[in-house]
Amino acid sequence: MRKLLLVSLFVTCTSYMVLNAPLEIANWFHAAALEANLTGNLDASIDYLNRAIEWSPNNIQHYNVRAEMFQRLGRHEEAIRDHDRIVEISRPSNQVQLSLALNGRAYARAIGQLELNDALEDIELAIASDSQVYAAFLDTRGYIYYLLGDMDAAEQDLKQATEIAVKEHSIALEQIHYIEFPDAIWQKNQRKKSDHYLAVFYHHLGLVYDKQQRPSLAERYLTLGDALGYDPTKGVW
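Predicted model, so just to flag it, every value in this text is computed and none were measured. (Residues numbered from 1 in each chain as written. Predicted model: local features only at pLDDT ≥ 70, side-chain atom pairs only at ≥ 80, totals over all residues. Heavy atoms only, no water.)

Glancing now at the side chain of His62. Counting through the fold element by element, His62 comes out in helix 3 (residues 60-72). Non-local contacts of His62, meaning those with residues more than four positions away in its chain, are made with Ala26, His30, Leu49, Ala52, Ile53 and Ser56. (Helix = DSSP H or I, 4+ residues; strand = E, 2+ residues; numbered from the N terminus. Contact = heavy atoms within 4.5 Å.)

Next up, the structure:
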């Protein structure tokens, strides 16, 4: 009986290792990619992510991070193809996950200024699929309208998106400040993420005002975006 139990335990442990080893290896390569990114070595980061995807080909995070690396290197078509894969993986998931994937692909197309009509179709599907109004979705659509030259539609979306984002930013800062026993480094990083999030909204709205030849508003919002860390070279766009 004891021998049977030991054999059963061995089989269970072996099965667990076989099933989970690829995920653990993929996570290691993902962590190495993030570390390479911190040192500014984007090519190495992509190489590590390639390895992570070999071991775990359905992990959305691997594709998301690699797409950002491609974008920062100006390899926008490759970034969009990664987002194609994210949409494909997300289709069997719930509608929220699919909407996020569609928004991600639409925004990747917008950043690369490629396939803009397809981008607009993606974001329209994402917005129509949920009754809640998401600032990020409106920002994506507004920016696409801007790139397509429809400044009235762009302004309408981006003004609403920015109003929502300002409220979200304020709530986030309050939560960060009042969290129990906060870690100072964690707080700083969370504030930076929240600032960067809002910076993009300000910048996009400033671009629209600039195109509309409203210089005072353009300068105001572009300056606000810069102050909060808008910087495409660092992936803040």
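The biggest cluster of nonpolar side chains holds 44 residues, and the ones touching the most others in it are Tyr107, Ile123, Tyr143, Ile144, Tyr146, Phe201 and Val208. Within the residue set of this core, elements represented by two or more residues are helix 3, helix 4 (76-90), helix 5 (95-112), helix 6 (116-128), helix 7 (135-148), helix 8 (151-178), helix 9 (184-211) and helix 10 (215-227). Looking at which element gives the most residues to this core, the answer is helix 9, with 9 residues. Aside from chain neighbours lying at most four places away, what touches Ile144 is Ala106, Ala110, Leu116, Ala119, Leu120 and Ile123. Formed by 9 residues, the second largest nonpolar core is a distinct cluster that contains Leu42, Leu49, Ala67 and Met69. (Core = buried A, V, L, I, M, F, W, Y, C linked by side-chain atoms within 4.5 Å. Buried < 20%, exposed > 50% of the residue type's maximum accessible area, 1.4 Å probe, protein only.)

Here we come to the pattern of salt bridges. Scanning the entire structure with this criterion turns up 14 salt bridges. Residue Asp84 is joined to Arg81 by a salt bridge in which the shortest nitrogen-to-oxygen separation is 2.6 Å. Here the residue Asp84 and the residue Arg81 both occupy positions in helix 4, the gap between them amounting to 3 residues, near one helical turn. Since its relative accessible area comes to 23%, Asp84 is described here as partly exposed. Classification of Arg81 by relative accessible area gives partly exposed; the value is 38%. Here Arg141 makes a salt bridge to Asp157, at a shortest N to O gap of 2.6 Å. Note that Arg141 is positioned in helix 7 and Asp157 in helix 8, a separation of 16 residues in sequence. On the basis of relative accessible area, Asp157 is assigned to the buried category, the value being 3%. Because the salt bridges share partners, they merge into one network encompassing Arg81, Asp84, Arg105, Arg109, Glu115 and Asp122. (Salt bridge = Lys/Arg side-chain N within 4 Å of Asp/Glu carboxyl O.)

Looking now at the environment of Gln95. Considering the arrangement of structural elements, one finds Gln95 in helix 5. Look at Gln95 and you get partly exposed, because its relative accessible area is 41%.

Below, the discussion takes up the layout of surface pockets. For the largest pocket, the calculated volume is near 1,600 Å³. For the largest pocket, the lining is made up of 38 residues, of which Glu68, His196, Gly235, Val236 and Trp237 are closest to its centre. Taken together, the elements giving at least two residues each to the lining of the largest pocket come down to helix 1 (2-38), helix 3, helix 4, helix 5, helix 7 and helix 9. In the lining of the largest pocket, the residues fall into 17 nonpolar, 14 polar and 7 charged. (1 Å grid on protein atoms, 1.4 Å probe; cavity = no way out; pocket = protein on both sides within 12 Å on 5 of 7 lines; lining within 4 Å. Points joined across faces, edges and corners; volume = space filled by probe spheres on them. Nonpolar A, V, L, I, M, F, W, Y, C, P; charged D, E, K, R; others polar.)

Detailed reading of predicted coordinates is not advised where the pLDDT is low. Averaged over all residues, the pLDDT of the protein chain equals 90, while 90% of them reach at least 70. Confidence over residues 4-11 falls short of pLDDT 50; this stretch has 0 contacts with residues more than four positions distant or in other chains. Ignoring residues within four places in sequence, the model shows residues 13-18, a span with pLDDT below 50, making 2 contacts including any to other chains. (pLDDT = per-residue confidence, 0-100.)

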